[in-house]
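# Topology and contacts: notes
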Amino acid sequence: MTAVSHSDMANAIRALSMDAVQKANSGHPGMPMGMADVATVLFTKFLKYDPAKPDWPDRDRFVLSAGHGSMLLYSLLHLTGYKDMTLAQLKNFRQLGSKTAGHPEYGHAAGIETTTGPLGQGLANAVGMALAERMAAARHGAKLVDHYTYALAGDGCLMEGISHEAISMAGHLKLGRLIVLFDDNGISIDGSTDLTVSDDQIARFAASGWDTARVDGHDPAAIEAAIADAQKTDRPSLIACRTVIGYGAPTKAGTAATHGAPLGGDEIAGAREKLGWAAKPFDIPKPVLDAWRKAGGRGAQTRKAWEERLKKLPAADRNAFKKAQAGELPKELDTAVTAFKKQISKDKPKLATRAASQKALEVINQVVPQTIGGSADLTGSNNTKTGAMTPVDASDFSGRYVYYGVREHGMAAAMNGIALHGGFIPYAGTFLVFTDYCRPSIRLSALMEQRVIYVMTHDSIGLGEDGPTHQPVEHLAALRAMPNVTVFRPCDAVETAEAWQLALENAAGPSVLALTRQGIPTLRTRHSAKNQSARGAYVLAEAEAGDRAVTLLATGSEVEIAMAARAALEKRKIGTAVVSVPSLELFAQQTAGYRAKVLGENAVRVAVEAGIRQGWDGLLGLEGGFVGMNGFGASAPAGELYKHFGITADAVVKEAGRILKARKSGKN
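Residues numbered from 1 in each chain as written. Predicted model: local features only at pLDDT ≥ 70, side-chain atom pairs only at ≥ 80, totals over all residues. Heavy atoms only, no water.

### Some words on the overall build of the chain
Counting secondary structure elements, the chain contains 27 helices and 18 strands. With the principal axes as the frame, the chain shows a C-alpha extent of 95 × 60 × 45 Å. The buried share of the chain, taken over its 668 residues, is 59%. Contacts in the chain between residues far apart in sequence, at least 24 positions, make up 78% of those at least 6 positions apart. Only carbon and sulfur atoms are counted for the fraction: they give 51% of the accessible area of the chain, which is about 25600 Å². Each charge class in the chain was averaged separately, 74 positive and 68 negative side chains, and the resulting centres sit 7 Å apart. (Helix = DSSP H or I, 4+ residues; strand = E, 2+ residues; numbered from the N terminus. Buried < 20%, exposed > 50% of the residue type's maximum accessible area, 1.4 Å probe, protein only. Contact = heavy atoms within 4.5 Å. Areas by Shrake-Rupley, 256 points an atom, 1.4 Å probe, with all protein chains shown as cover. Lys, Arg positive; Asp, Glu negative; His and termini not counted. Charge placed at Lys NZ, Arg CZ, Asp CG, Glu CD.)

Listed below in structure tokens is the structure:
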């Protein structure tokens, strides 16, 4: 029997990749063909994994940051024996309902560690995973946590701005368990990368504190030596692998023609001949498949030994690890939040909700050990650090607070990586206006259904003098438009605590807490153990001057304005209720009966929010009024801005009166 060579195993990846792309008539064959040698060395000699137990916590993580080359990952998962990555799935590449989406999607199949495709995101996710590994090791010890994170990145990943933030962060924290394999093929969609970039990537990474190496990406011995060296350093490592995109294609190799289109029948036939691959499409010779399955099985004993170590731990340590991995919240959380709410209702403080958030976190962080806080250089403004939190740094990963620096995009993507790794619940802050910098990562939090909590303060013109560059106007609407994102805009310290509890309990998606800079009064002065924010909206004050004629809906700091408008309308004997709407998304999930009861049958509806109207019409209808912003803000004290832009109780009263008059005259 002829021994199976490295080339045979790498060519299996190349064949499956070009065959699947050809069958789909769509996809990117070039990168999988070019990086097949690197991937073969990694998956057969280094990567710690077990297809029989794909969620084993101490497995190495492999992130395909260059997600367009998804057939590389799908081929590897099939060849190494992941049960749900069948040959039928490869044949169904890029088709509706398949596990083999155009770009890898977390949750579609075991072995896909994160959703990639938007370039650079995977690289930054990998930084978060590597950080989570070090933090987990500091808590649970090297016997339980001792793994590497590998990321495969392309030229496009390194061109994206997020790569700078991720590289800088990883170098600063000396994440020595992070190894990036750079597909240095010199080709992008437009052609040679000489058209667009002349960076010396080795020098760039070295300047950020990385260990670096350059190898021939088609020399398995050189690749093996470079990865072995990278495992020995205490710094993150970049291995620039010089490859030929579309390796093996007789006329298209080394060109952009292989990047994002099928090779074509003639080119594939030529590639088979050049590579010495005689098998038919999707046919892997048994000796080659056996060699791959043997490689896939080599981690089983390591995994079983790890499980034995876990079993032998003291029960308290073992349970703590398991609960952290499962993302379980302690039963004490509800009791702690309820007690906090009761005290707030009693004391009635006037607090900015960002300050109320910090007070809630002081309680929460004492009972939820998995939380990891942070901020993008705005710790004192976002109020995300609590008293007992110590910093995470390169010399001590036992802390619970990450100083992310002015790296909003990298911060958000790293939090996705932390959440995906498991064991932690990440939250971090910046100003709400800078969700623009975070948005691609927030979208991926939602797409991957990850519990990541975004603490976004300075949520309106109420931030005052910093002016329109910092005053969010359209941001609430933009975030609410994103599927599977829950946006909370609490009206006081009680609702803020409730929002935090709901965000922590939401394990199937991200939450955004939009919090004020300015102080606002406690409106929930009557204690209720029930989390009223859980239904998204509720009647804060019912009509008292007769039957309800007007319903005022408001969020955040504008609920105070709605309450003042209610008082004025009630004086006029117009029955008016105020509905606090901390979350439009949660309210939309309630029964039609509950929504109708809260909104009031036949009542005039007016909403007030210091943002744009977009997103409110579903509650207001064609008749409903809106008091808010129609353009950008301005630089002035907050009180003056509210008057200048007409977001006042008088304006709300006038709007309600206008609609009542129009209704009476039959004009609506």
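From this point on, the discussion continues.
### Focus on the environment of P250
Structurally, the position occupied by P250 is in the loop between β7 (237-242) and α11 (265-275). Note on P250: relative accessible area 39%, which makes it partly exposed. Residues P250 and E267 lie 17 residues apart in sequence; the distance between their C-alpha atoms is 6.6 Å. Once you skip the residues sitting within four places of it in the chain, P250 turns out to touch E267, G270, A271 and K274.

### Some remarks on the sheet that holds strand β9 (residues 401-403)
The strand order across the open sheet built from six strands is β9-β8-β10-β11-β13-β12, with neighbouring strands paired in parallel fashion. The sheet terminates laterally at β9 and β12 (486-488), the two strands that pair on one side only. Averaged over all pairs of adjacent strands, the angle between strand axes in this sheet comes to 20 degrees, irrespective of strand direction. In terms of strand pairing, strand β8 (residues 371-375) meets strand β10 (residues 425-431) through three bridges, oriented parallel. Paired with I372 across the strands is P426, a residue of β10. Where helix α18 (residues 408-421) meets the sheet, it contacts β8, β10 and β11 (453-457), and its direction lies at approximately 170 degrees from that of β10. (Pairing = 2+ DSSP bridges. Axes fitted to C-alpha atoms, helices over the stretch in contact; angles between N-to-C directions.)

### Digging into the state of the cysteines
Tallied over the full model, the rule gives zero disulfides. There is no disulfide at C157, and the cysteine sulfur nearest it, in C241, is 13 Å away. For the unlinked cysteine C438, the closest cysteine sulfur is that of C157, found at 19 Å. The exposure class assigned to C438 is buried, which follows from its relative accessible area of 0%. (Disulfide = S-S within 2.5 Å.)

### A few points about the pairing of strand β1 (residues 61-64)
Residue alternation in β1 divides its side chains into two sets, R61 and V63 and F62 and L64, and both sets are buried. Bridge count between β1 and strand β2 (residues 149-154): four bridges; the pairing is parallel. Bridging across to β2, R61 finds its partner in T149.

### Section: the sheet that holds strand β6 (residues 211-216)
In spatial order, the strands read β1-β2-β3-β7-β6; together these five strands make up an open sheet with parallel pairing. The sheet is open, and its two edges are formed by β1 and β6, each paired on a single side. Averaged over all pairs of adjacent strands, the angle between strand axes in this sheet comes to 20 degrees, irrespective of strand direction. In this sheet, β7 lies alongside β6 in parallel orientation, the contact comprising six bridges. Bridged to A213 within β7 is I239.

### Quick look at the packing of helix α3 (residues 36-46) against helix α10 (residues 220-230)
Two elements in contact, α3 and α10, have axes whose closest approach is 9 Å; the angle formed by their N-to-C orientations is 55 degrees. On the basis of their axis angle, the class for α3 and α10 is oblique. The way α3 lies across α10 gives a crossing that is right-handed. Taking contact as the criterion, the partners of D37, V38, V41, L42, K45 and F46 in α3 are, on α10, P220, I223, E224, I227 and A228. Of the residues contributing to the contact of α3 with α10, the split by class is eight nonpolar, no polar and three charged. (Parallel < 35°, antiparallel > 145°, perpendicular 65-115°, else oblique. Left-handed = near helix turned anticlockwise from the far one by under 90°. Nonpolar A, V, L, I, M, F, W, Y, C, P; charged D, E, K, R; others polar.)

### Some words on the pattern of salt bridges
Applying the stated criterion to the full structure yields 25 salt bridges. Among the ionic pairs, D37 bridges to R14, the shortest N-O distance being 2.7 Å. One end of the pair, D37, is in helix α3; the other, R14, is in helix α1 (residues 6-24), with 23 residues separating them in the sequence. Here D37 and R14 have matching classes, each one buried. (Salt bridge = Lys/Arg side-chain N within 4 Å of Asp/Glu carboxyl O.)

### Regarding the packing of aromatic side chains
What the rule picks out here adds up to 12 aromatic pairs. For the pair F43 and F62, a centre-to-centre distance of 5.2 Å together with 80 degrees between the ring planes defines the contact as edge-to-face. With F43 in helix α3 and F62 in strand β1, this pair connects stretches of sequence that are 19 residues apart. Taking the relative accessible area as the measure of exposure, F43 reaches 2% and is therefore buried. Both rings, one in F587 and one in Y594, keep their centres 6.3 Å apart while their planes meet at 70 degrees; by these two values the pair is edge-to-face. No difference in accessibility class separates F587 from Y594, as the two residues are buried. These aromatic residues form a ring-pair network of at least three members: F43, Y49, F62 and Y82. Above the plane of the ring of Y148 lies R177, whose end atom (NZ or CZ) is 4.9 Å from the centre. (Phe/Tyr/Trp six-rings, centres within 6.5 Å; stacked < 30°, edge-to-face > 60°. Lys NZ or Arg CZ within 6 Å of the ring centre and 35° of its normal.)

### Examining α1
In this model α1 runs 28 Å from its N-terminal to its C-terminal C-alpha over 19 residues, within 8% of the 27 Å that 1.5 Å per residue would give. Where burial is concerned, most of α1 is hidden: 14 out of the 19 residues are buried. N25 occupies a position one or two residues after α1 and carries a positive phi of about 55 degrees. (Expected span 1.5 Å × (residues − 1).)

### Let's talk about the environment of I612
Summarising the element assignment, I612 is placed in the loop between β17 (604-608) and α25 (617-620). Among residues more than four places away in sequence, those in contact with I612 are V473, E474, A477, F626 and M629.

### Here we look at the side chain of S511
Secondary-structure assignment places S511 in strand β13 (residues 511-515). Look at S511 and you get buried, because its relative accessible area is 1%. Beyond its immediate sequence surroundings of up to four residues, S511 is in contact with V452, I453, Y454, T486, F488, A503 and N506.

None of the figures reported here should be taken as evidence of function without further support.
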